[in-house]
Every structure is written in structure tokens, then in C-alpha cells.
Amino acid sequence: MGSFLRRHLALLLGSLCLVPAALWQLVLLAKIMASRIDYPMDLEWMEGGALYHAYRLLQGQSLYPDPAGGFVPFPYPPLHPLVLALAGRLGSLDYAAGRAVSILFFVLILAVCAGEVLRDSRQRGAALLGAAALMGYVAASVPVMLSWYDLVRNDGMALALPMLAAACVSGRLSPGRIVACALLLSLAFFTKQTAIFFMAFLGLAVCLRSPRLGGLLAGVTCLLCGLLLGALQWTSDGWYYRWISVLNTHPLSFERLWLGTRLVLAFAPFLPGIALLAVWLRRRGVLTPRSLVWLAMLAAAIPASLLPFAKIGGFNNNLMPLVVIGGLAATRVVIDGFDALVAHTRRTASPRLERALAVAAVLGGVAFFFVNRYDAQVFMPTPELRARAVALNQLVAGLEGAVLMPSHPFIPIRNGKTNDQMHVMSWWDASQSPLASRLDSDAFLARSDPDWLLAAPIDLSLPAFAAAFERRFVLERRLPAPPQTLVGASPTGPEFLFRRLPR
């Protein structure tokens, strides 16, 4: 009995301590998601803008029109709004449907993480512990991501698609897998522009294994992206590329580059050590092709995360690829190292080092989850906040005529107001770009023709609209207790109700 315990001590410790700690992190995250999936307001101020883009698609309106018409889109590709529109067509376009889409892609991310850890591992017990720990690690990143995984944003979709692409080519290569990888990478690129880094590094990883199949991946990906780009340019009269290039004009802050690096390393301080371990294993010839693929994805995640984080409007959600893929790459490298260690100790008949390192890894995982505890209530709407959000919807529904809400444009839509909406963030982005001279706030207000304006303080400070609002509206009253967004770089809530001046 004593011999059995010594041989399987790490597995027993993992089953009794590590797995429950990881599962508890997943339970906490599920509890957060369940508490707010049907919350009737933006949890983060760009949720409503994403849903309004989907609404425009359902109404047959363009996402990338000439700005002279008044609508200013988010500077992102159209695939995420299209998926939201399809979800709305199947059911009802609302916050719950949009968050369900994000939860679906988060589940896909977890599935890729677990699958890539379990595949090709010679030590099944260690791999199962690694898969459980990795999923718990992703869930434990809630404070770093500020519980972003279920928000109506394109981040989860933009991460899940390149991860699925990498999973296609992390094992055996074949032309069919290459084509599937190319399709997923192309879809990722038309979800968020940062996919270009995954296209480059993943293509390089495939080329190192098979130059012929690497060339096929590059050719098919370029062909698909070129066709989709051409179609979008044609259907938007050439405006598509000009709109999604808006972010290219925003300057980088080296201070924020360093801040983003510190945030990631504070949560995952093991990443530099994993890089050194990977180099050592590579030199010994025991690093598997699957781990090499995920190390390439980790290299791509560094610019894909830190560059957008360092730009104007960058926020913690931009760090999601680096945090998630960093955990997966680290787990793959550790499993390769453990497999090599087991093979070595069996040849030398000295299993003590193997057992000691395995126990140390399990205890390190338990310590990680202990250190990264957090209060889930911080990310959950309180009953009072939910009541305020419900009251806001009732107020909007009861206003006669058209209602404009620049920071929360979907709330009027879900309450039966069909006038054109805007989002203040898209106007801020465009005002920092060469398109600034073509923005026409008066044209937008003439088209929307709102009878009421429900504004947050940030809306009234928007230079393009401040004077136009003053010419058209008079303050009706200030809301005594408006609901505020729960997370995000710019917490907002509609505090001022303005009435249209007589025409």
C-alpha cells in the first residue's frame, strides 16, 4: 500500500486538491455568467453598439457607408455582427442572445484547451490533471479580463477561431486540415484584425514542418481573404477598408505596453520560465510538434494582445489571447517535459525525481488557485442595479417619439424605438483618424430626428456633437439613480434626459 501511494502521490494529490480548485474556478465563472446573461442593459458600454450593428444588418442597412449619411461604425470587420444577426434571426436579438454567442465561443476555447492537452500525451493521468488545471486557469483569469468572456464583444470569437485553426494543424498534417485551417484563419481575420499575427506565426510553424503544405496554407488563406475583402469593398463602395483602418492611425503608448506586460506576468509569472524550458526541451529533441504549434501561437499572441492594449481605448480584454494561449502553451510544454522525465527515470530506474517534480507541479497549481481567489459578487449585477436597469427600460419605452442614447444605442431598439442610433466610441475613434473631416453630426441628427436624448456625461463632451446637442435639445431632468455599466474602461450611465426644442 505504501509503495502504491508513493508511486501515485501526485495523481492522488491532484485529484483531491488540484481538480476541485480548478472546478471551483469554473463554477464561479458559470455563476457570474448565469447572473447576468439576461441583464437588460449594457454590462460594458460597447455591448449595445455591437447589438446595434447586428440590428442594422437585420434591417438590410450597410455597416460601412459613406460617413456623409451620418452612421459611424466600429472599426472592426463584420463577422461578429453577422453572427449576432443570425442569432437574432433564429430567436430574438437582445442582450441574452449576444451573450449566449460569446459563451458559446468561450466553451469552444475551453474545449480546444482540454483537447490539445489530452492529445498525444503518453501519461494519461497527468494529461487529465493538466486539462482540468488549464480550464481552471482560464476561468481564474476573470479579474485580469474583468470577466469579459460573456460580454457582447468580438474578443471571444476572435480568439476561438485561430485556436481552432491551430488545433487543425497541431497534429497530423494533410491538405484537408490545411484548407480547414485556412478557412478558420480567414474567418478570424474578418472578426478582428489582430488575427493577422496568428496567420503569420501559424503559417511559419506549418512551413517549418512541411514547406509544401505551408505554401498551400498561405495560398488558400490569401485567396479567401482576398475574395472576402474584394466583396466587402465592392458592396460598401470602397468604404470598408477605410473604416477598419481607423485604428491604424491611433498612436502607441510604450507605457501601456509595459503595463500590459506587467498585468500578464502578475497573473502568469511562469511564462518566462516556460520559454526557457521549451528551448531546453527543443535542444534535447523531445518537444512535440503540437507544443511547437502552440508556442508559435503564443508568439503571435504577444503582439495580438499588447499592441491593441497600448493604443487609445485599449483595455484588459485585449490581453485575452496572451493570457489564454500562454496557459495552453505552458501546459503543453510541461507535459512534454514530464513525458521526457518519465522516459528518463524508467531507463535509469530512479523514479524519485519524477515523483518529486510531479508533486511540486500539483502543489504549484493548488497554490496558483489559492493566490488567484476573487470575489465573484464584484462582477455580478446586484438586485438594486438590475431594478435600475429595468426602470431605465421602462422609462425609454414610455417616452413618446424617437429616443437617442449615444452610449447605449440598443436600449431604444429593444423598447420599440426604430430611429437611427449612434455610439459615442465609434465617433471618438473616427475623430482621431483622416475621416474626421467627413463626419457630419448634423446630418446624423437630421436623419435620426430624435424627440428625446438620454445622455451620459461622456456623450455631452463629444466635440462633434456637443454644439449640435445644444442647438436641438433642452434639459428635461436629471435621472436620480441611473444604472451604471459594471465593467469597462469607460463606466457610463444615462444621467440626463433632454427634450427636443420645438421645431
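All values reported here derive from a predicted model rather than from experimental measurement.

(A) Expanded view of the sheet that holds strand β4 (residues 496-500). Spatially, β1-β2-β4-β3 is the arrangement adopted by the 4 strands of the open sheet, whose pairing is mixed. Bordering the open sheet on either side are β1 (403-404) and β3 (473-478), each of which pairs with just one other strand. Alignment of strand β2 (residues 452-455) against β4, held across 4 bridges, turns out to be antiparallel. In the strand pairing of β4, Leu454 is matched with Leu497.

(B) Local environment of the pairing of β2. On β2, burial covers both faces: Trp452 and Leu454 on one face and Leu453 and Ala455 on the other are all buried. Across 2 bridges, the pairing between β1 and β2 is parallel. Bridging across to β2, Leu404 finds its partner in Leu453.

(C) Representation of the pattern of salt bridges. All chains considered together, the criterion is met by 16 salt bridges. One salt bridge in this structure joins Glu47 and Arg99, with 2.9 Å as the shortest N-O distance. Here Glu47 is found in helix α3 (residues 47-58), whereas its partner Arg99 is found in helix α5 (residues 95-118), with 52 residues between them in sequence. Considered together, Glu47 and Arg99 belong to a single accessibility category, that of buried residues. Arg119 is paired through a salt bridge with Glu116; the nearest N and O atoms lie 2.6 Å apart. The exposure class of Glu116 is buried, given its relative accessible area of 1%. Overlapping salt bridges bring together Glu116, Arg119 and Arg290 as one network.

(D) Quick peek at helix α9 (residues 175-189). The end-to-end C-alpha distance of α9, which contains 15 residues, comes to 21 Å, matching closely the 21 Å that a straight helix rising 1.5 Å per residue would cover. Along α9, the positions that sit buried rather than exposed are Ile178, Cys181, Ala182, Leu184, Leu185, Ser186 and Ala188. Among the structural elements, α8 (155-169), α10 (195-209) and α11 (211-235) are those in contact with the buried residues of α9.

(E) Up close: the packing of aromatic side chains. By the definition in use, this model includes 19 aromatic pairs. A ring pair is formed by Trp148 and Phe315, whose centres lie 5.6 Å apart and whose planes are at 55 degrees; its orientation type is tilted. In this pair, Trp148 is assigned in the loop between α7 (142-145) and α8 and Phe315 in the loop between α15 (289-309) and α16 (320-348), connecting sequence segments 167 residues apart. With relative accessibility at 2%, the residue Trp148 sits in the buried group. Taken together, Tyr137, Phe267, Phe270, Phe368 and Phe369 form an aromatic cluster joined through their ring pairs. For the cation-ring pair, Arg256 lies above Phe309, with the distance from its terminal atom to the ring centre recorded as 4.1 Å.

(F) Representation of the nonpolar core. Tyr149, Met163, Leu202, Trp294, Val324 and Ile325 are the most contacted members of the largest nonpolar core, which has 161 residues in total. Top contributing element to this core by residue count: α5, with 11 residues. Contact partners of Leu202, with chain neighbours within four places excluded, come to Ala165, Ala166, Val169, Cys181, Leu185, Leu217, Val293 and Met297.

(G) Region of interest: helix α13 (residues 254-267). Over its 14 residues, α13 extends 20 Å from the first C-alpha to the last, a length consistent with the 20 Å expected when each residue adds 1.5 Å. Those residues of α13 that sit buried are Leu257, Gly260, Val264 and Phe267. Down the axis of α13, the buried set is contained in an arc of 105 degrees. They therefore lie on one face. Turned more than 90 degrees from where α13 packs its buried face, Phe254, Glu255, Trp258 and Ala266 sit exposed.

(H) Highlighting the environment of Cys225. Note on placement: Cys225 falls in helix α11. On a C-alpha basis, the gap between Cys225 and Ala304 in space is 18 Å, while along the polypeptide they are 79 residues apart. Leaving out residues up to four positions away in the same chain, Cys225 has contacts with Ser186, Phe189, Phe190 and Met199.

(I) Spatial organisation of the state of the cysteines. Under the definition given, this model contains 0 disulfides. The closest cysteine sulfur to the non-disulfide-bonded Cys181 is located on Cys168, 6.0 Å from its own sulfur.

(J) Molecular detail of the environment of Thr485. For Thr485, the location among the structural elements is in the loop between β3 and β4. Considering only alpha carbons, one finds Thr485 and Ala165, 320 residues apart in sequence, at a separation of 34 Å. For Thr485, the residues in contact, after removing those within four places along its chain, are Met41, Asp42, Leu43, Glu44, Trp45, His408, Ser490, Pro491 and Thr492.

(K) Seen up close, the side chain of Thr194. Inspection of the secondary structure puts Thr194 in the loop between α9 and α10. Using a relative accessible area of 17% as the deciding quantity, one classes Thr194 as buried.

(L) Quick look at unusual backbone geometry. You will see that Leu146, though not glycine, has its phi angle at about 55 degrees, which is positive. Looking at where Leu146 falls in the secondary structure, it is placed in the loop between α7 and α8. Within the chain, Asp449 stands out as a residue other than glycine whose phi angle is a positive 50 degrees. Checked against the element boundaries, Asp449 lands in the loop between α21 (441-448) and β2. Given a relative accessible area of 30%, Asp449 falls into the partly exposed group.

(M) Spotlight on the packing of α13 against α15. Following both chains from N to C, one finds α13 and α15 inclined at 130 degrees, their axes separated by 8 Å at the closest point. Between α13 and α15, the interaxial angle falls into the category oblique. Seen along the crossing, α13 lies across α15 with a hand that is right-handed. Side by side, α13 and α15 meet where Arg256, Leu257, Leu259, Gly260, Thr261 and Leu263 of the first sit next to Leu306, Leu307 and Phe309 of the second. Of the residues that constitute the contact of α13 with α15, the class distribution is 6 nonpolar, 2 polar and 1 charged.

Conventions used here
In this numbering scheme, every chain counts its residues from 1 along its sequence in written order. The predicted nature of this model means local features are confined to residues of pLDDT at least 70 and side-chain atom pairs, given and counted, to a pLDDT of 80 or more, with totals for whole chains, interfaces and linings taken over all residues. As a rule here, side-chain values cover all heavy atoms of the structure and leave hydrogens and water aside. Between any two strands, pairing holds if DSSP finds at least two bridges. The helix and strand labels rest on DSSP assignments: H or I over at least four residues marks a helix, E over at least two residues marks a strand, and numbering proceeds from the N terminus. Accessible area is worked out with a 1.4 Å probe on protein chains only. A residue is then buried under 20% of its type maximum, exposed over 50%, and partly exposed in between. We count a salt bridge whenever a side-chain nitrogen from Lys or Arg sits within 4 Å of a carboxyl oxygen from Asp or Glu. Take the number of residues in a helix, subtract one, and multiply by 1.5 Å to get its expected span. Contacts are assigned to residue pairs that have any heavy atoms within 4.5 Å of one another. Classification of ring pairs uses Phe, Tyr and Trp, with its six-membered ring standing for Trp, and accepts pairs whose centres are within 6.5 Å; under 30 degrees between planes counts as stacked, over 60 as edge-to-face, and the remaining range as tilted. Each ring is checked for a lysine NZ or an arginine CZ that lies within 6 Å of its centre and within 35 degrees of its normal; such an atom marks a charge sitting over the ring. Nonpolar cores are built from buried Ala, Val, Leu, Ile, Met, Phe, Trp, Tyr and Cys residues. Side-chain atoms within 4.5 Å join them into one set. As used here, the arc is the angular range of directions from the helix axis to the C-beta atoms. In this description, the term disulfide denotes a pair of cysteine sulfurs within 2.5 Å. Convention adopted: a line fitted to C-alpha atoms gives each axis, helices being fitted over their contacting stretch, and angles between N-to-C directions are expressed from 0 to 180 degrees. Any angle from 65 to 115 degrees is called roughly perpendicular, while one under 35 is roughly parallel, one over 145 is roughly antiparallel, and all others are oblique. Handedness of a crossing is defined here by the sense of rotation of the near helix relative to the far one, left-handed for an anticlockwise turn of less than a right angle and right-handed for a clockwise turn. Here the term charged refers only to Asp, Glu, Lys and Arg, the term nonpolar to Ala, Val, Leu, Ile, Met, Phe, Trp, Tyr, Cys and Pro, and the term polar to all other amino acids, Gly among them.

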